[in-house]
Amino acid sequence: MNLSIGFHRSVRTDLRGILNHYENEAGTKFADEFYEELQVRVNIVSENPAFFPRYHGEIRRANFKRFPYHFLYEIRTDSVWIFVLRHDSRNPSYGMKRL
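Residues numbered from 1 in each chain as written. Predicted model: local features only at pLDDT ≥ 70, side-chain atom pairs only at ≥ 80, totals over all residues. Heavy atoms only, no water.

Student: Just to check I follow, could you spell out the side chain of Arg61 for this structure?
Tutor: You can see Arg61 is positioned in strand S3 (residues 59-63). One polar contact links Arg61 to His70, side chain to side chain, over a distance of 3.2 Å. Within the structure, Arg61 has its side chain in polar contact with the side chain of Asp88 (distance 3.2 Å). If near-sequence neighbours (up to four positions away) are discounted, Arg61 is found in contact with Phe52, Pro53, Tyr55, His70, Phe71, Leu72, Tyr73 and Asp88. (Helix = DSSP H or I, 4+ residues; strand = E, 2+ residues; numbered from the N terminus. Polar contact = N/O pair within 3.5 Å; in protein donor to acceptor, adjacent residues only side chain to side chain. Contact = heavy atoms within 4.5 Å.)

Student: Which parts of the structure should I look at to understand the side chain of Ser46?
Tutor: Here Ser46 shows up in helix H2 (residues 28-47). With a relative accessible area of 11%, Ser46 lands in the buried category. Engagement of the side chain of Ser46 in a polar contact is seen with the backbone oxygen of Leu3, the distance being 2.8 Å. Excluding residues within four positions of it along the chain, Ser46 makes contact with Met1, Asn2, Leu3 and Ile5. (Buried < 20%, exposed > 50% of the residue type's maximum accessible area, 1.4 Å probe, protein only.)

Student: What's the story with the sheet that holds strand S1 (residues 4-7) in this structure? I'm lost.
Tutor: The strands making up a sheet associate through backbone hydrogen bonding, with each pair oriented either parallel or antiparallel. The strand order across the open sheet built from 5 strands is S1-S5-S4-S3-S2, with neighbouring strands paired in mixed fashion. Unpaired on one side and paired on the other, S1 and strand S2 (54-56) mark the two borders of the sheet. Neighbour to neighbour, the strand axes of the sheet diverge by 40 degrees on average, direction disregarded. With 4 bridges joining them, S1 and strand S5 (residues 79-87) adopt parallel strand pairing. (Pairing = 2+ DSSP bridges. Axes fitted to C-alpha atoms, helices over the stretch in contact; angles between N-to-C directions.)

Student: Can you walk me through helix H1 (residues 9-26) in this structure?
Tutor: With 18 residues, H1 should reach 26 Å at 1.5 Å per residue; the first-to-last C-alpha distance of 26 Å fits that figure. Tucked into the core, H1 has its buried residues touching S1, H2, strand S4 (69-75) and S5. Gly27 lies just past H1 and shows a positive phi near 105 degrees. (Expected span 1.5 Å × (residues − 1).)

Student: Looking at this structure, I do not really get the nonpolar core. What am I missing?
Tutor: When a protein is soluble and globular, its nonpolar side chains tend to lie buried together. Counting 21 residues, the largest nonpolar core has Phe34, Phe64, Phe71, Tyr73 and Leu85 as its most contacted members. Elements supplying a minimum of two residues to this core: H1, H2, S4 and S5. Those residues within four positions of Leu85 in sequence are excluded, and the remaining contacts are Val11, Asp14, Leu15, Ile18, Phe34, Leu38, Phe64, His70, Phe71 and Tyr94. (Core = buried A, V, L, I, M, F, W, Y, C linked by side-chain atoms within 4.5 Å.)

Student: Is there a simple way to think about the layout of surface pockets in this case?
Tutor: Gaps left between atoms are located by rolling a probe of water-molecule size over the structure's atoms. Of the pockets and cavities examined, the largest pocket occupies roughly 230 Å³. Lining the largest pocket we find Phe7, His8, Arg9, Val11, Arg12, Leu15, Tyr35, Leu38, Gln39, Val42 and Asn43. When contributions to the lining of the largest pocket are tallied by element, the ones reaching two or more residues are H1 and H2. A per-class count over the lining of the largest pocket returns 6 nonpolar, 3 polar and 2 charged. (1 Å grid on protein atoms, 1.4 Å probe; cavity = no way out; pocket = protein on both sides within 12 Å on 5 of 7 lines; lining within 4 Å. Points joined across faces, edges and corners; volume = space filled by probe spheres on them. Nonpolar A, V, L, I, M, F, W, Y, C, P; charged D, E, K, R; others polar.)

Listed below in structure tokens is the structure:
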């Protein structure tokens, strides 16, 4: 089952900030590797939305393997809604109002 993936408009801003940070600190290759890992996680969620554990209520958390980041998402009737991409050490309330 492949569900469509939707993104809160602020996820693009989250991603842009992360990629800029990695490009400035470690180079384009490292930023590209982060983006590739994000795509792998999004594909997993699309193919098997319940793969990642629940974080709070019906919200699920997809942790990255190599980077200290995760995104939070909600499974909807026929889609998945990703509403925040954040660092593991970020304030846990960051992005929660986006849902």
